[in-house]
Amino acid sequence: MSSSPVRFAILGAAVYSRSSSTAQSLIEVATELLGKKPDLYSDDTKPLDELLAKKDVDAVIIAAPIPYQPALIKRAWAAGKHVASEKPVAGNVKDAEELIKLYKSDYEKKGIKWHVLENYVHESGILGARKLLKEGAIGKIRFFTYNVAFFVDQTNRFYQTEWRKVATHDGGFLLDGGVHHSATLRLTLPSPVVQISGFATLVNDFLAPHDTVQSVMKCADGALGTYELSFGSSKTNVREILHVTGSQGHLRLVSISDGARSSGYAVEVYTESGDTPSSRSEFESDGVENAVKYFVDSINGKGSRDGDERASPERALGDRITASYTALPNGEADWAKIVPEVARQLPLRNLHWKSASRSLRTIQSLDVQFKPLFAFEDPKAPPLSLLERPYLHLLFVLCDDNEVYRATLRNQIREWLDSIIARHKQEWLIVHVSAGKNAGSKFYQRKGSVVDKIRADFNTGKQDRCVQVAQFVSAEDPTAWAEFTTKVKEAVITTFNSNVALYEEDVRKADSQRQLEGWQYTSFFLQKEGLAECFEAMNLLEDALIQYDELEASFFQSLKGEVFDVFLPNMHTHALSIPENSQSQSWFSNIGGTAPGDDALPILSTSNKPYRKLLETNQISIFDFRIYLFARQAAMLVRLGKIAEVAKRGAYFISTFTRTLRDNQGKLGPNFIESWTFSACLNIVDECTRHASSSSVDRATSESFVAVKAELLELARKQLDKIGILSGHLPLLHPFTMSLNEHASDSPTNLTPTAPNSPAVVSRPDLLAVIHDAEAFDKLYIDLTNRSIQAYSASHRKRCSLKLHASLAALEDHRGRLASAQTLYLRLPAHYVDTRWVKIESALLSRSTNLQGHLDMTKERLLSSLALIRTGVEFGGKEWKLDTDEDEVELARRLMKDVYDLSKTLSKDFAAIAFPPFSMKLASEKGTTAVGEDGLNVRLLVQSLFPCALDIDEVRLKFSTAEGEQIWFTSGATTLVPKGFTEVTLFCPTAISGRVSLELSQIRFSRIIFQYSHRPVAPNNLAPDPRNLPITKKQPIVYFPRDPQALSIYTEPPQAIHLNEARTVIVCVGTGRNQLVKIMLKVTTPNRAVQLALNEATLVSGSGRLIPAVPGAEDCITIENLAAMSTVKIQVPWYGAPQDSTLELGIIAEYFTSRKPSTRRTFRKTVDYVVSLPLAVNVQDFFRQDCILSKFVVTTAPGGDSMRLKTATLQRGDDVVVKPCQNPGAPIITLLPLQAANFLFKIIPPDIKSPTPRHLRLSITYCSIQDEILAKVRRVVQSCVEAAKLGDDLQWFLEVAEKEVEAVTNLNVYSQDQELKHLFFDEPVWTARVGYQFPGAESVHIDALRRIYEELRDDTQTEEPNAWKALTILVEIPSLNVLNLVHMSPAFKRTEVGQALPVKMSIRPSFTWAQGEMPRSVALFYDVAASLDDWLISGRKKGEFEGQDGEEVEIVLVLVPLRPGSLFLPSVTIRATSPTSPWSCETQHLNAGVTVDVLPITSRTTFSIDLNLSRDRSLVDA
């Protein structure tokens, strides 16, 4: 909408208006902006034609009222001026179409630019919203609402323009302002609107014809939306809100108003719940400035395809099939009434077409454009083509009055029908529109109605060409117009089928005349293209594409003079060389490409030139024809959504058509081919990217397109390589020369212009800039290369992206930007490791190393040198070689010297993993012990692939034991032989034995550690790092023999265990051959419940001096001066209560020998020390009047082995008398599991009243059967070894003998017979073991072993003094508060069953065994109990009494025996009365063994017994 009522046009630095007075305000503004007053032209001063005739005027901006714009635009075109006109294009669609058609046919081919200044599509805020929606900021769009409200009254400045007051253009204010919002929707929505319906109304009469519209829209992707616009709003402020809701949030585009008009836009994105936007951006209004700027840029060749489309006049128009309409009796007034009803039936759905030569086609959706009949009857216009003709003629009759029908309508219908029938093969349909609700139902139709009369008068034959529909009902009942829709579809298909048949017949005839003289391919092309356009209009895009593919194939057939038997549908591009004077010269004017701007034409556009006009006049060049044909193919593919296919065909078309251009290079200017290729590639990329970003394109298509996009971008970049070499910006060196290898003609000599006098034909401003400016060249080169890299990366084509990275590095190198070049080079080699492209990797590393040397980058150069050396060995290769002219020996020596010298600057060692020039393997799987000292030796073979000898500083091996202990072997400096193996012996000062696994091997070279892993790859590692793969598939194993003369450390339990003292562990240090200067011993445990007191350790036996712990080193035991071949025992206390029976102990020792006092040796060992007691002891005490009897029950510990018990003594104190109930000379007891040994002692304490408890010590002398066997073995082995004078090997004999005897001896059997006669000396086995351990001295050791076996079998000694151990337990003398002495006195000792037996029971409490003070009396309760089978008790058998020390209480009872026999008297239980009483009680029956003889009954007598006995005063009622 124009912002001023002034009618004027801006032209360069001049202003035109119909009157000079109306342009005055603009002149003032222009003077301020331009710095000078522009010239004024007007109808009353200087006319417009005079201004347009000026040569210094290039373009005009026309901001005239809508009715006057078309005429002014045509006048400017006629003068050859570029035009930017106000929106809309014209006052109605018909005028707009005619204006566009005129521009396309007469002016576009001349290069004249025409932009429609729709400022909304250039607003930064709206473009920002568009970008967010296309990038998926809110996901897939579901629905949208667009609400716009303006307040226009009669004082409004827009209303004050006369042409708006009385609108001659369609829609009035709605068209003038509404085009902005329709443009906004077209721009922002990713998917176009395909269906719309709505209502218009008039709120304010002075804004006629309409001022308010409400509409509902549907997009191609299914999104729904509403649009409401009103200029009759009651509000004074502008409101413009676009609200788009997506699957992942919603977006709001809101106009920022300064009161009466918008001053900008705010874009808000909501992706989380709540009223606060996730992001908000504000933009100032800049649409007008941007639109004008883009118009100027477009004239200067700086525009973009996207901007051209946004400003194109055709943006709102599209190709559709047409149908004519006529409305009777009132023409356009009646048509306006039924337009909403007709619009609801569109688009047509599910049309089915079947031809004789094709399978059934289904057209899902088809839009139809309705035009008045007079639009097709312009006598001045050229004849219409089949596609331009209406597919159907519709006559709408809005009359239900029979009289009117007879009087006027019948003749009008007949006249209309006669005019239609005059047009051959055109379908027609009469639609009677009734105002009745039930008009569409035949049941309710009256006989003789208007529709019946129409049918009777005009239906001919069997086909019914008359339908009746009801007005204003289709919105509620979609089926009301179903018959109308069906008839329309049938008519459209009939016309389409007829058109196809006519086109195909014309094509067949033209093709059959191919061999005739004068046959023109262009004429054939136009006929076949008409068939393609017919298919396109019906949305049969696949069939349309086939026509263009066939046209291309026939084009090449015709040029080559060949007839192909089989049509190749995928033959869409070919290289073409046209000989002089060929037949094609009569079809095409020339090769073409010489017109201004041909090098920069967008090849996907069919509007670059008037191609159809050129084809019709047979003036088209091959260049233009090929571009037009490809653009039409691409247009079909785009509409089909095959974006990737467009890119693929485009890439192939460009590469092959370039060959045609090169064959005709002499007719083209310098750099034309490069410029055209560059422009074509970027045009395809930009257009396909725009289409691929649409939500209607599936993800697979987008991903497929990205791969081709990368190739197109690289092809465009290659053109810069050629231009750069020709312009001198790039050297004629690799990798830039790779772009010259595409064709033979791309040799350096052919890059020079072939036509020296030809003008510069490059029209692209960016390429013109790069030809003359190296800086501009670099910028464009880098930007385009980065775009290619991003595309290749997105398509997962890593190698291609790496190649482009290398070209960027080469450019930086050539420009002398060494730091940047080396950074780029440094990133590339690592990517070639996995792909094993060694030569490329080495070339990149070589250049990177040189650059780092120039830049003094020591560390980086070291790493690059190592990587370069690594590439000298191919994967799996057995030799080292680099692809260079330098002598390989000197090269290897120089590189390794560089590595050695550079690594000296490192602050710490650097590990080079799996460096391939070296490899290592064990020379033997058997290690050896060192001679004369503790330690081990292992032999290693080191292979070097270098062609020169190499001095290394050290070789190291790391082994691991089964327990996880790591052991390192080292060697000194060594010289490696060239291309061979060098044997190296490595030494470890740690003495171990058994099998160990090789983990790592290392070579030290200055501060470089070449490291190799020998671990097997984990089975769950699906992608192992090739640098860490083991040298062999199986992890190497080495076996080391036991060195019996080496240091050994072990633990044993103490000889005596005192449970009332801290527990201890005995750590034994066997020095072996070593005279130890010092040993530092650490004993640790992971058990947190136990604490080892190393600072309280004491020396139990052996030589040496225990050094007191210094502060801070309490966790270490230090002993000095230990003699060789001795054993030192250290007792270490420990505190705590472990839960398990064993305690894990870790022993770590560092020691120094007198032979090599500077060598630190280590010893590590983990042992399980048994902390559970071997015996379990329980005690039971029995209190008597004058003593205590204590019974001790001894059993083996749960799960323990058989034991032998020698003695058990209870050590008495000074005033306690203890008498054992066992003879001192009792035999040794063998205690098997689940058995018990009882020991009884009589304790007579003198004064139990002492307030403090008194203790005794129970000592048990015991040994396990296993300890007894081992003691026997040690005794026999020591004796035999000393006799054989093999004392240095005593430890070895002890170890093998103990293990052998333990393995074959059954402990339970031995516990009975104490014999080892089952031992068998297997001489062959022992000979092999001794031969490995003592080579050269086998016989004497075998004799000693044989003697040991014989002595053990014949040994008869039953007791091993060294096996006995002692367990001492502190026992507390028990106490008792009350001992109740009970005595029962029966009246006589014999009675009969059933006879009453009086019994007197006396209870005498005693406080003798009470500890501490007791009260005078204690409340006690007694209970007399007897078997119910023996006695019936009468009297007080339960009761309470006060017990006093020594005071006797008597109770009289009567017992009645129930059976004969010797019956024991009842028992009595006595306890404290209160359950909470602190007094303990026991009962002693003084005559517990007394019985009463009960005789069987011989006669029965009844007695009467008085049970009411007088109570004893000492008794208390129960």
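Up top is the structure these notes are about.
A few points on the structure.

Reading guide: rules and limits
Numbering of residues begins from 1 in every chain and follows the order in which that chain's sequence is written. Confidence filtering applies because this is a predicted model: local features only for residues at pLDDT of at least 70, side-chain atom pairs given and counted only at 80 or more, and all residues used for totals across whole chains, interfaces and linings. The basis for every side-chain value is the complete set of non-hydrogen atoms in the structure, without hydrogens or water. Secondary structure counts use DSSP, requiring at least four H or I residues in a row for a helix and at least two E residues in a row for a strand, with both numbered from the N terminus. The rule is simple: take the accessible area with a 1.4 Å probe, protein chains only, and divide by the maximum for that residue type; under 20% is buried, over 50% is exposed, in between is partly exposed. Using a 1.4 Å probe, accessible areas were evaluated by the Shrake-Rupley method; residue-level cover was limited to the displayed protein chains. Residues enter a nonpolar core if they are buried and are Ala, Val, Leu, Ile, Met, Phe, Trp, Tyr or Cys, with the set joined through side-chain atoms within 4.5 Å. Contact definition: two residues touch when any of their heavy atoms are within 4.5 Å. Pairing between two strands requires that DSSP report at least two bridges joining them. For every element, the axis is a line fit to its C-alpha atoms; helices are fit only across the contacting stretch, and the angle between N-to-C directions ranges from 0 to 180 degrees.

Brief notes about the overall build of the chain
Okay, step 1: Looking only at helices and strands, the chain has 33 helices and 63 strands in total.
Okay, step 2: By the burial criterion, 47% of the 1518 residues in the chain qualify as buried.
Okay, step 3: Surface summary for the chain: the accessible area is close to 73,200 Å², and the carbon and sulfur share equals 51%.

A look at unusual backbone geometry
Okay, step 1: Cis geometry is adopted by the peptide bond preceding Pro329, which originates at Leu328 and carries an omega value of 10°.
Okay, step 2: Tracing the sequence through the fold places Pro329 in the loop between strand 15 (321–328) and helix 10 (332–344).
Okay, step 3: Cis geometry marks the peptide bond from Leu346 to Pro347, where omega comes out at -5°.
Okay, step 4: Residue position: Pro347 is located in the loop between helix 10 and strand 16 (348–353).
Okay, step 5: In this structure, Asn671 takes a positive phi of about 65° despite not being glycine.
Okay, step 6: Classification of Asn671 as buried rests on a relative accessible area of 13%.

Regarding the nonpolar core
Okay, step 1: One finds Phe396, Phe484, Met538, Ile654 and Trp676 to be the most contacted residues of the largest nonpolar core, which totals 134 residues.
Okay, step 2: Top contributing element to this core by residue count: helix 20 (residues 672–692), with eleven residues.
Okay, step 3: Ignoring any residue separated from it by four or fewer positions in sequence, one finds Phe396 in contact with Tyr325, Thr326, Ala327, Leu328, Trp335, Ile338, Val342, Val431, Val433 and Phe484.
Okay, step 4: Within the second largest apolar cluster, 48 residues are counted, among which are Met920, Leu936, Ile967 and Phe1010.

With respect to the pairing of strand 56 (residues 1417–1425)
Okay, step 1: Here seven bridges tie strand 56 to strand 58 (residues 1438–1444), and the two strands are oriented antiparallel to one another. When the bridges of strand 58 are listed, Leu1420 appears paired with Phe1441.
Okay, step 2: Bridge count between strand 56 and strand 61 (residues 1467–1472): six bridges; the pairing is antiparallel. Counted as the bridge partner of Ala1425 is Ser1467 from strand 61.

Description of the sheet that holds strand 56
Okay, step 1: Strand order in the open sheet formed by three strands is 58-56-61, and the pairing between neighbours is antiparallel. Unpaired on one side and paired on the other, strand 58 and strand 61 mark the two borders of the sheet. Direction aside, the axes of adjacent strands within the sheet are offset by 30° on average.

Thoughts on the environment of Leu945
Okay, step 1: Within the fold, Leu945 resides in the loop between strand 25 (936–944) and strand 26 (950–952).
Okay, step 2: Sequence separation of Leu945 and Lys979 is 34 residues, and the distance between their C-alpha atoms is 4.5 Å.
Okay, step 3: Not counting the four nearest positions on each side in its chain, Leu945 is found in contact with Val873, Lys878, Glu879, Trp880, Pro916, Pro917 and Lys979.

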